[in-house]
Amino acid sequence: MASIFSKIIAGEIPCHRVYEDDKHLAFLDINPLAMGHVLCVPKMEVDYMYDLTEDALADLWKFTKPVAKAIDKSMDCLRVGSAVIGLEVPHVHIHLIPLQSVEDINFSRPKLNPSKEDLADIAQRIRDHI
Ligand code: AMP
């Protein structure tokens, strides 16, 4: 069965897109740890990051760079943190999280549940800086 991220990539499930190329998609995490939390995903469905080919792994990290820079410019943060977890969704993704403190990247903390309007506004702010 296709992962929820493959369904987002196929347009079957909505998301708040921030950036895209032919092989990758970046969109807002629906339950962010901090506002501006973005997921960068390869369009090809692979469960585990370290099963990607060397080229696909390098391409994914290259794709994250302009997205992270745009988060830096559009959100009030000290820097953007990067994390790979993958215990919930079996489709490779890199979390990019604007950080004010290390607590903002603590995955055992309760997540936020922002409105669609707030997510749409944040996605636009990030898109405006790419
Ligand atoms: P993990 O697999 O543990 O790295 O976490 C998966 C992340 O995907 C979580 O932070 C979820 O909030 C996020 N997530 C799950 N479903 C969606 C969705 N439909 N749209 C955006 N983010 C999602």
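### Considerations on helix 2 (residues 54–74)
Logical step 1: Helix length check: helix 2, at 21 residues, gives a terminal C-alpha distance of 31 Å against a target of 30 Å (1.5 Å per residue), a fit within 8%.
Logical step 2: At Lys65, helix 2 shows its maximal kink, close to 25°; a proline, Pro66, follows between one and four residues later.

### Digging into the site of the ligand
Logical step 1: The environment of the ligand is made up of 17 residues, and the closest members are Asp29, Gly86, His93, His95 and Lys111.
Logical step 2: Contacts to the ligand include Gly86, whose backbone N or O atom sits 2.8 Å from an oxygen atom.
Logical step 3: One of the side-chain N or O atoms of Lys111 is found 2.7 Å from an oxygen atom in the ligand.
Logical step 4: Considered on its own, the ligand offers 510 Å² of accessible surface; in the complex 91% of this is hidden by protein.
Logical step 5: Looking at the shell around the ligand, the elements with two or more residues in it are helix 1 (4–9) and strand 2 (24–28).
Logical step 6: Element by element, the count of residues in the shell around the ligand is highest for helix 1, at 3 residues.
Logical step 7: Of the residues in the shell around the ligand, the class split is 10 nonpolar, 4 polar and 3 charged.

### A look at the nonpolar core
Logical step 1: Counting 24 residues, the largest nonpolar core has Val38, Cys40, Val67 and Leu96 as its most contacted members.
Logical step 2: Among the secondary structure elements, those contributing two or more residues to this core are strand 2, strand 3 (38–42), helix 2, strand 5 (94–99) and helix 3 (116–127).
Logical step 3: Looking at this core element by element, the count peaks at 6 residues for helix 2.
Logical step 4: Apart from the residues lying within four places of it in its own chain, the contact partners of Val38 are Val18, Ala26, Phe27, Leu28, Asp29, Val67, Ile71, Ile94, His95, Leu96 and Ile126.

### Some words on the packing of aromatic side chains
Logical step 1: Counted according to the given criterion, the structure contains 3 aromatic pairs.
Logical step 2: Ring geometry for Tyr48 against Tyr50: centres 5.8 Å apart, planes inclined by 80°, an arrangement best described as edge-to-face.
Logical step 3: Tyr48 sits in the partly exposed class, given a relative accessible area of 48%.
Logical step 4: By relative accessible area, Tyr50 is classed as exposed at 56%.

Procedures and definitions
- Residues numbered from 1 in each chain as written.
- Predicted model: local features only at pLDDT ≥ 70, side-chain atom pairs only at ≥ 80, totals over all residues.
- Heavy atoms only, no water.
- Helix = DSSP H or I, 4+ residues; strand = E, 2+ residues; numbered from the N terminus.
- Expected span 1.5 Å × (residues − 1).
- Bend = angle between axes of the 7 residues up to and from the residue.
- Near = heavy atom within 4 Å.
- Polar contact = N/O pair within 3.5 Å; in protein donor to acceptor, adjacent residues only side chain to side chain.
- Areas by Shrake-Rupley, 256 points an atom, 1.4 Å probe, with all protein chains shown as cover.
- Nonpolar A, V, L, I, M, F, W, Y, C, P; charged D, E, K, R; others polar.
- Core = buried A, V, L, I, M, F, W, Y, C linked by side-chain atoms within 4.5 Å.
- Buried < 20%, exposed > 50% of the residue type's maximum accessible area, 1.4 Å probe, protein only.
- Contact = heavy atoms within 4.5 Å.
- Phe/Tyr/Trp six-rings, centres within 6.5 Å; stacked < 30°, edge-to-face > 60°.

Geometric values such as these leave the question of function open.
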